[in-house]
Amino acid sequence: MITPPEKQERMKELTSVPKVAWPSIAVFLVIVIGVSVTDYAAIQGHISYTLAMLLNIIWMYPIFHVLHDGVHGAISSKKRLNNFIAQTALLFVWPEVTLKIFRLGHMQHHRFTNASEDPDHYMFGSTWLSTILRWTTFEFNYVVYTLRLNNSTSRRILSTAIPVALLVVVIAVGLCYLGYWKEVLLLWLIPSRVVMFIVGFAFLWLPHLAENADGKLLHMTLAGSSLDNLTAGSTVRLGYNRLMSVLLQWHHLHLIHHMWP
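Counting of residues starts from 1 at the beginning of each chain's written sequence and follows it residue by residue. Thresholds applied to this predicted model are a pLDDT of at least 70 for local features of residues and 80 or more for the giving and counting of side-chain atom pairs; totals over whole chains, interfaces and linings are not thresholded and use all residues. Side-chain metrics rest on all non-hydrogen atoms present in the structure, leaving aside hydrogens and water.

A word on the overall build of the protein
Strands are runs of DSSP state E lasting at least 2 residues, helices are runs of H or I lasting at least 4, and numbering of each runs from the N terminus. The number of helices and strands found in the protein is 11 helices and two strands. Along its sequence from the N terminus, the protein presents helices and strands in the succession α-α-α-α-α-α-α-α-α-β-β-α-α. The quantity called the radius of gyration is restricted to C-alpha atoms. Its globule counterpart is 2.2 Å times the number of residues to the power 0.38. The C-alpha radius of gyration computed for the protein amounts to 19 Å, which stays within 12% of the reference 18 Å derived for 261 residues, consistent with globular compactness. Taking the principal axes of its C-alpha atoms as reference, the protein extends roughly 65 × 40 × 40 Å. Here a residue-residue contact requires only that any non-hydrogen atoms of the pair lie within 4.5 Å. For the protein, the proportion of contacts with a sequence separation of at least 24, taken over those separated by at least 6, is 66%. Residues scored as charged are limited to Lys and Arg (positive) and Asp and Glu (negative), so that His and the chain ends carry no count. Every charge is mapped to an atom, namely NZ of Lys, CZ of Arg, CG of Asp or CD of Glu. Averaging the locations of the 19 positively and 14 negatively charged side chains of the protein gives two centres separated by 7 Å.

Next up, the structure:
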């Protein structure tokens, strides 16, 4: 079947990166302003640290939208601007990992979805406890995955990422030593881990589940690898779309993303 020219043009429009994706920029600015104002209010004593921690979880939650768009180069056709926004967004939640490590791991996930080489196999533990722990630590798995690749690309990425990670650790330990442990713990560490848990569940684990013959939800294993069938790599979950679009940042349509990332 030949796709009509008007539909080809529409598809080209939908899959082309704009000069600036203003919705993504707007989300990024909301996060930056929200976290900055909340931190300032807590440090100045205008709100409690507990309230600030909860607010920062809310502000940080959409960070994956910005980071994910940046990984795919979808924030801007201008590469420097795209990477600057994505890397800055990353600093708010997981500064110990660079954008290049995230991009490498995520692109490998797209290339080998559900196959043995897919780094996101890490998201599926043998027990619920191990699975939940994996949801909150998956960025470290990307580091381990990069180390295991041990090729010229991974070594080049690690050569710049390791100093960044060490710098972040030194700054965090230094702030705690100077008496700012409460700020580090409640305004950054706990909110970022909670957001990591939600991101791991909603965007890396849930989209790659399917029902078996008994109606039980299981990981799409090698039998559902996109290497053999592009449409088998992920799912589309319909229902309550207006709500799910906001809560899951449109990743309930995850299969569409895998087909046209």
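Observations concerning helix 3 (residues 49-60)
Helix span is expected to be 1.5 Å times the residue number reduced by one. With 12 residues, helix 3 ought to run about 16 Å at 1.5 Å a step, and its terminal C-alpha atoms sit 16 Å apart, in line with that. Within the span of helix 3, buried status applies to Tyr49, Ala52, Met53, Asn56, Ile57 and Met60. Across the axial projection of helix 3, the buried residues extend over an arc of 145 degrees, all falling on one side. Against the buried residues of helix 3 lie helix 2 (22-43), helix 4 (63-71), helix 5 (79-93) and helix 9 (152-205). Categorising residues by exposure relies on relative accessible area from a 1.4 Å probe, with only protein chains included: less than 20% of the type maximum marks a residue as buried, more than 50% marks it as exposed, and the intermediate range marks it as partly exposed. The arc under discussion is defined with respect to the helix axis, by the directions toward the C-beta atoms.

Quick look at the side chain of histidine 68
In this fold, histidine 68 is placed in helix 4. Sequence-distant contacts of histidine 68, defined by excluding residues within four places in its chain, comprise His106, His251 and His257.

Topic: the packing of aromatic side chains
Here a Phe, Tyr or Trp ring, Trp counted by its six-membered ring, pairs with any other such ring whose centre lies within 6.5 Å, and the pair is stacked when the planes are under 30 degrees apart, edge-to-face when over 60, and tilted otherwise. Counted according to the given criterion, the structure contains 14 aromatic pairs. Note on phenylalanine 102 and tyrosine 142: the rings are 5.5 Å apart at their centroids and 70 degrees apart in plane angle, and the pair reads as edge-to-face. One end of the pair, phenylalanine 102, is in helix 6 (residues 99-111); the other, tyrosine 142, is in helix 8 (residues 138-149), and 40 residues separate them in sequence. Across the pair, exposure class does not vary: phenylalanine 102 and tyrosine 142 are buried alike. On the numbers, 6.0 Å between centres and 70 degrees between planes, the contact of phenylalanine 138 with tyrosine 142 is edge-to-face. Highlighted residues: phenylalanine 138 and tyrosine 142, both in helix 8, separated by four residues, approximately one helical turn. For the residue pair phenylalanine 138 and tyrosine 142, the accessibility class agrees, reading buried in each case. Among the aromatic residues, ring-to-ring pairing joins Phe124, Trp128, Trp135, Phe197, Phe201 and Trp205 into one connected group. Here, over-ring charges are defined by two tests on the NZ atom of lysine or the CZ atom of arginine: distance to the ring centre within 6 Å, and angle to the ring normal within 35 degrees. Lying over the aromatic face of tyrosine 122, arginine 134 brings its terminal NZ or CZ to 5.0 Å of the ring centre. Taking NZ or CZ as reference, lysine 182 lies 5.3 Å from the ring centre of tyrosine 49, over its face.

Quick look at the nonpolar core
Ile63, Trp94 and Phe102 are the most contacted members of the largest nonpolar core, which has 44 residues in total. Looking at this core, the elements with two or more residues in it are helix 2, helix 3, helix 4, helix 5, helix 6, helix 8 and helix 9. It is helix 9 that provides the largest number of residues to this core, a total of 10 residues. Setting aside chain neighbours within four positions, we find tryptophan 94 in contact with Ile63, Leu67, Phe102, Glu139, Ser192, Arg193 and Met196. Counting six residues, the second-largest nonpolar core is a separate cluster that includes Ala42, Ala52, Met53 and Leu186. To form a nonpolar core, buried Ala, Val, Leu, Ile, Met, Phe, Trp, Tyr and Cys residues must be joined to one another through side-chain atoms within 4.5 Å.

Regarding the environment of proline 119
With respect to the secondary-structure elements, proline 119 resides in the loop between helix 6 and helix 7 (128-135). For the pair proline 119 and valine 144, spaced 25 residues apart in the sequence, the C-alpha separation amounts to 9.5 Å. The residues contacting proline 119, other than those within four sequence positions of it, are Gly105, Gln108, His109, Asn141, Tyr142 and Tyr145.

Overview of the confidence of the model for the protein
Per-residue confidence for the protein averages 88 on the pLDDT scale, and 95% of its residues sit at or above 70. pLDDT is a per-residue confidence score from the predictor, ranging from 0 to 100. Mean pLDDT across the elements of the protein ranges from a minimum in strand 2 (residues 217-219), with 73, to a maximum in helix 3, with 96.

Some remarks on the pattern of salt bridges
Salt bridge, as used here: a side-chain nitrogen of Lys or Arg that lies within 4 Å of a carboxyl oxygen of Asp or Glu. Applying the stated rule across the entire model yields two salt bridges. As a salt-bridge pair, glutamate 96 and arginine 193 come within 3.7 Å of each other at their nearest N and O atoms. Remark: arginine 193 occurs in helix 9 and glutamate 96 occurs in the loop between helix 5 and helix 6; sequence separation between them is 97 residues. Here arginine 193 makes a salt bridge to glutamate 139, at a shortest N to O gap of 2.5 Å. Separated by 54 residues along the polypeptide, arginine 193 in helix 9 and glutamate 139 in helix 8 bring together distant segments of the chain.

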